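One letter stands for each residue in the lines below.
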Amino acid sequence: MLRRTFIKETCLAMAAGTALAGCRQGNADVPSQGRGGDAPGDRAEGRSAPLTDWETVRAQFVLNPDRIHLSSLFIASNPEPVRAAIDRYRRALDEDPVATLLAENGPRRGLALKAAAEYLDAEAGEIALTESTTMGLGLVYNGLRLGPGDEVLTTEHDYYVTHESLRLSCLRSGASLRKVALHPAGRPEAASADAMVEAVAGALRPETRVLAVTWVHSGSGLKLPLARIGKAVAAANAGRPEAERILFCVDGVHGFGVEDTGVAEMGCDFFVSGCHKWLFGPRGTGLVWGSPRAWRSSLPTIPSFIDGEAWEAWRDGEVPDGETTAARMSPGGFKAFEHQWALPEAFAFHSRIGRSRIAERTHALNGQLVEGLAATKGVRLHTPRDGSLRAGIACFSVEGMDPFEAAGRLNRRGVVATVTPYAQRYVRFAPSIRNLPSEIDKALAAVRELA
Ligand SMILES: Cc1ncc(COP(=O)(O)O)c(C=O)c1O
């Protein structure tokens, strides 16, 4: 009763009519999740038409045409509709920050959640918006309710962010952390789906509470058979009481925006990704999808600004009612709002092309690269040639050459390559829908010159 009175009074106190948008689901000075639906003036003429040819897709980017950009896994260049939306919202915020924030944040957040849910074949209420994969993984792993005697299982091949978040989480909770190898040491190219599933299934123990994996390894380009691993986890969970069930958590950043897969098909409990890599979304955006069970079994780390109950309970000197939800786990604080609000444009850009066409094209370009590298004398390929075990990343080394030296020489020849930030360093290419087959040929020619 008290809380309802408070909301009513606060809403009435807001002078501008537009500011009431912030009161719809939560608190007036905490811009809330909005209603969804398009606001007028959102879409410029032609920005919703299907994108059917790859030259037109490429023309949406202002990438320097003198360079071959094989670095999609690193940080996005934004296509035209995303750039235009960021500019539009930045201008509005600069012109009238308070009124713009109060009027726009609820609806715009709602649209971003709706677009993310449609893309992932999920529900908007199951998604928390974050600012990066790193933030999402940190929130999920820090939020685990673990204790001494519990175990967290991950793989030897995961990225720094997963390993470090889990190490810190276990340090706080007293749970133990174990790593399993999915393929022979130093030979990701020798991985097989059967062996990976067997390795994970065989490593699950009665005390295992969390399985943390990465969909596509940024250290090798290896893609995991998530659905089969999900089934192995479900089999291990069968018959366990809810409190003892394993949570299957995925760093999905290098599959998200590449693969034609929704979350239901992955069989995971938490799916974490940034939106500023393969999705070409605004920099500083990301998301966490969680099943209701996953959210329920977690604790927030950063106070939410969109969970009305948490905010109002604080004002009433009480403890919030109810279980953890995506809204309650959503990190509060003011954001780079113009970036978060432009997120729907990134999803719209992908849907204008089509998730399946993007997957097909990315796989074809990377296949061209992988086969070309495999056929180059003096080059060792570390990414599996089997198309079902890779996505958009190809890793290799040049015999007798330090990877930094090789990547440096490629960059000087105008081919943007990176080096894997792992103990085992490889040179790395990541082609995407903004590349052309002719660019892959040129990149391969540059590698042949090195080798
Ligand atoms: C597997 C993996 N996870 C997470 C990240 C970090 O992503 P973000 O920049 O969105 O935090 C990276 C970095 O490229 C990565 O390779």
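Above: the structure in question.
Anyway, here's the lowdown on the structure attached to this text.

## Description of the overall build of the protein
Then comes step 1: Tallying secondary structure elements over the protein gives 17 helices and 13 strands in all.
Then comes step 2: Taking all 451 residues of the protein together, 60% fall into the buried category.
Then comes step 3: A separation threshold of at least 6 residues defines the contact pool for the protein, and within that pool the share at least 24 residues apart is 73%.
Then comes step 4: A total accessible area of about 18,300 Å² is found for the protein, and carbon and sulfur atoms account for 54% of it.

## Describing the site of the ligand
Then comes step 1: Around the ligand sit Ser-132, Thr-133, Thr-134, Tyr-159, Thr-214, Ser-218, Asp-251, Val-253, His-254, His-276 and Lys-277, and that is every residue in its neighbourhood.
Then comes step 2: For the ligand, an oxygen atom lies 2.5 Å from a polar atom in the side chain of Thr-134.
Then comes step 3: Here an oxygen atom of the ligand sits 2.7 Å away from a polar atom, N or O, in the side chain of Ser-218.
Then comes step 4: For the ligand, the protein covers 88% of the area, taking 400 Å² as the surface of the free molecule.
Then comes step 5: Among the residues making up the shell around the ligand, the classes are represented as two nonpolar, seven polar and two charged.

## Some points on the sheet that holds strand β13 (residues 427-429)
Within a beta sheet, neighbouring strands are joined by backbone hydrogen bonds and run either parallel or antiparallel to one another.
Then comes step 1: The strand order across the open sheet formed by four strands is β9-β10-β13-β12, and the pairing between neighbours is antiparallel. One side of each edge strand has no neighbouring strand; the edge strands of this open sheet are β9 (379-381) and β12 (418-419).
Then comes step 2: Bridge analysis of strand β10 (residues 394-398) against β13 gives three bridges, and the strand direction is antiparallel. Paired with Cys-395 across the strands is Arg-428, a residue of β13.
Then comes step 3: Of the strands in this sheet, β9, β10 and β13 touch helix α15 (residues 355-374), which is tilted by about 20° from β10.

## Considerations on the sheet that holds strand β3 (residues 151-155)
Then comes step 1: The strand order across the open sheet built from seven strands is β2-β8-β7-β6-β5-β3-β4, with neighbouring strands paired in mixed fashion. Single-partner strands in this sheet number two, and they are β2 (127-130) and β4 (176-180). Looking at each pair of strands side by side, their axes are set apart by 20° on average, direction ignored.
Then comes step 2: The sheet contacts of helix α4 (residues 97-120) involve β2, β7 (270-274) and β8 (286-290), and relative to β2 the element is tilted by about 115°.

## Let's talk about empty space enclosed by the protein
Then comes step 1: Counted by the stated rule, this structure contains four cavities of 30 Å³ or more.
Then comes step 2: Volume-wise, the largest cavity comes out at about 100 Å³.
Then comes step 3: As for the largest cavity, its lining consists of 13 residues, of which Arg-109, Phe-305, Ile-306, Gly-333 and Lys-335 are closest to the centre.
Then comes step 4: Looking at the lining of the largest cavity, the elements that each hand over two or more residues are α4 and α13 (337-341).
Then comes step 5: The residue makeup of the lining of the largest cavity, split by class, is six nonpolar, five polar and two charged.

## Considering the environment of Arg-409
Then comes step 1: Structurally, Arg-409 is set in helix α16 (residues 403-412).
Then comes step 2: Taking the relative accessible area as the measure of exposure, Arg-409 reaches 31% and is therefore partly exposed.
Then comes step 3: When the C-alpha positions of Arg-409 and Ala-446 are compared, they lie 9.0 Å apart, and in sequence the two are 37 residues distant.
Then comes step 4: Setting aside chain neighbours within four positions, we find Arg-409 in contact with Met-401 and Leu-450.
Then comes step 5: Reaching out from Arg-409, the side chain makes a polar contact with the side chain of Glu-405 at a distance of 2.8 Å.

## Section: the pattern of salt bridges
Where charged atoms from two side chains of opposite charge approach closely, those side chains can pair.
Then comes step 1: What the rule picks out here adds up to 23 salt bridges.
Then comes step 2: Two residues, Arg-355 and Asp-121, come together in a salt bridge whose shortest N-O distance is 3.4 Å. One end of the pair, Arg-355, is in helix α15; the other, Asp-121, is in the loop between α4 and β2, with 234 residues separating them in the sequence.
Then comes step 3: Note on Arg-355: relative accessible area 18%, which makes it buried.
Then comes step 4: Across the pair Glu-242 and Arg-296 runs a salt bridge whose closest N-O atoms are separated by 2.9 Å. Taken together, the residues Glu-242 in the loop between α8 (226-237) and β6 (247-251) and Arg-296 in helix α10 (residues 292-296) connect sequence positions 54 residues apart.
Then comes step 5: Residue Glu-242 is classed as partly exposed on the basis of its relative accessible area, which comes to 38%.
Then comes step 6: One salt-bridge network, in which partners are shared between bridges, spans Asp-87, Arg-90 and Glu-338.

Conventions adopted
Within each chain, residues carry numbers counting from 1 in the order of the written sequence. Given that the model is predicted, a residue must reach a pLDDT of at least 70 before its local features are reported, and side-chain atom pairs must reach 80 or more before they are shown or counted; all residues, however, enter totals for whole chains, interfaces and linings. Side-chain metrics in this entry use all non-hydrogen atoms of the structure; hydrogen atoms and water are not considered. Secondary structure elements follow DSSP: runs of H or I no shorter than four residues count as helices, runs of E no shorter than two count as strands, and numbering proceeds from the N terminus. Relative accessibility decides the category of a residue: with a 1.4 Å probe and only protein chains considered, values under 20% of the type maximum give buried, values over 50% give exposed, and everything between is partly exposed. The criterion used for residue contact is that any of the two residues' heavy atoms lie within 4.5 Å. Accessible areas in this description were obtained via Shrake-Rupley with a 1.4 Å probe; residue shielding takes into account the shown protein chains only. For each residue, the test is whether any non-hydrogen atom lies within 4 Å of the molecule or strand; if one does, the residue is near. Under the rule applied, a polar contact is a pair of N or O atoms within 3.5 Å (in protein, one hydrogen donor and one hydrogen acceptor; residues adjacent in sequence only if both atoms are side-chain atoms). Basically, the charged four are Asp, Glu, Lys and Arg, the nonpolar ten are Ala, Val, Leu, Ile, Met, Phe, Trp, Tyr, Cys and Pro, and anything else, Gly included, counts as polar. DSSP bridges decide pairing: two strands pair if at least two such bridges lie between them. Whenever a helix is involved, its axis is fitted only over the stretch in contact; in every case the axis is a line through C-alpha atoms, and angles between N-to-C directions fall within 0 to 180 degrees. Space inside and on the surface of the protein is sampled on a 1 Å grid over the protein atoms alone, with a cavity defined as a set of points where a 1.4 Å probe fits but cannot get out and a pocket as an open set with protein on both sides within 12 Å along at least 5 of 7 lines; lining residues have an atom within 4 Å of a point. Grid points are joined across faces, edges and corners, and a volume is the space filled by probe spheres set on the points. A side-chain nitrogen of Lys or Arg and a carboxyl oxygen of Asp or Glu constitute a salt bridge if their distance falls within 4 Å.

All we've got here are geometric facts, nothing functional implied.
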